[in-house]
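So the chains spell out like this:
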Amino acid sequence: MKHLKRIKSVILMTLFLTSGILAQDYESSKRFSNWFLNDPVSLTNDFTITNWVAIGYTGIALGGLTNFDQANSSFIQNRYYGSDFLKTTNEFGTFRIVAPASAAIFGATLLTKNSKLQDAAFTSFQAVINTAITVNISKFVFARSRPYENDGPHDFDFFHPGETSFPSGHASTAFALFVPWVSYYPNAFTYSLLVIPLGTSIARIAHGKHWLSDVTAGALIGTYWARYLSKKHMRINEMSDKVNFTPIIMNNGGGISISLKL
């Protein structure tokens, strides 16, 4: 519930920024409010059987990945715990910091006449908000214990408040924040920024807050919202996926393959 209150506060702040700065150009700027209100509805209309099949296969892959969560968690904690870089990137997944910051960045772009920059900033902010709502609902549905609770990687209570390991909110927030900028400005610099959400994801495992399957699911959710909103706002019907996440299951462990298409 605390997360939902924060989401409401950020939405209200953004609406205030939008109404105050954009009064002089209502017709061109009302797209932001239309996007914010209509995109979730459009998503339900755009969902096809292919999407459901993809979710099913992803769920199966994540389920298989849980069998290696314990080994992966121990390895990453032993190797990366205490990393200063990971401590820094961890903060890029903190919703109470990222959401107001992305709203402020969007507000700042409204002072310019660069519509593409405005759209990219708004899409990033909107992806963060929509991702947070999706993740918090998922946390309640799956109700998975966190690694530090020592209940093991297969402890799912389902529809039980308080158990919030799956999926990772930090990983999803970080990817939702950065992926829209890759979509709008695909270049070496924006691709390099993806090191930050990757660091966020590793940090969550290294600090004992999440399993690998948690951060994988979070990354997928954040990336999906970011890509869907970017394509819709840029009016691109078909865009080849530039960022792909593939869970890998092997005999002695598991992981995630991340591929970038330049």
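Right, let's walk through the structure included here. (Residues numbered from 1 in each chain as written. Predicted model: local features only at pLDDT ≥ 70, side-chain atom pairs only at ≥ 80, totals over all residues. Heavy atoms only, no water.)

This part takes up the nonpolar core. Of all hydrophobic cores here, the largest spans 36 residues; its most connected members are Phe 122 and Val 128. Those elements that provide at least two residues to this core are α2 (26-46), α6 (95-109), α7 (115-142), α8 (169-184) and α11 (212-233). A per-element tally of this core places α7 first, with nine residues. Once residues lying within four places of it in the same chain are set aside, the contact partners of Val 128 are Phe 95, Val 98, Ala 99, Thr 173, Ala 176 and Leu 177. (Core = buried A, V, L, I, M, F, W, Y, C linked by side-chain atoms within 4.5 Å. Buried < 20%, exposed > 50% of the residue type's maximum accessible area, 1.4 Å probe, protein only. Helix = DSSP H or I, 4+ residues; strand = E, 2+ residues; numbered from the N terminus. Contact = heavy atoms within 4.5 Å.)

Moving on to the side chain of Asn 90. Within the secondary structure, Asn 90 sits in helix α5 (residues 84-90). Excluding its chain neighbours within four sequence positions, the residues that come into contact with Asn 90 are His 170, Thr 200, Ala 203, Arg 204 and His 207.

Turning to the environment of Asn 78, a few remarks are in order. Its place among the elements puts Asn 78 in helix α4 (residues 69-80). A residue is classified by how much of its surface remains accessible, and Asn 78, at 69% relative accessible area, is exposed. In this structure the C-alpha to C-alpha distance between Asn 78 and Ala 206, which are 128 residues apart in sequence, comes to 7.7 Å. Of note is the side chain of Asn 78, whose polar atom sits 3.0 Å from the backbone oxygen of Ser 74. (Polar contact = N/O pair within 3.5 Å; in protein donor to acceptor, adjacent residues only side chain to side chain.)

This part is about α4. Compared with an ideal rise of 1.5 Å per residue, which puts 12 residues at 16 Å, α4 spans 16 Å between its outermost C-alpha atoms and is within 8% of the ideal. Every buried residue belonging to α4 is among Asp 69, Asn 72, Ser 73 and Ile 76, and all of these are buried. In an axial view of α4, the angular spread of the buried residues amounts to 100 degrees, which keeps them on one side of the axis. Exposed residues on α4 whose side chains face more than 90 degrees from its buried face are Asn 78 and Arg 79. Once α4 ends, the next one or two residues include Gly 82, with phi positive near 95 degrees. (Expected span 1.5 Å × (residues − 1). Arc of directions from axis to C-beta.)

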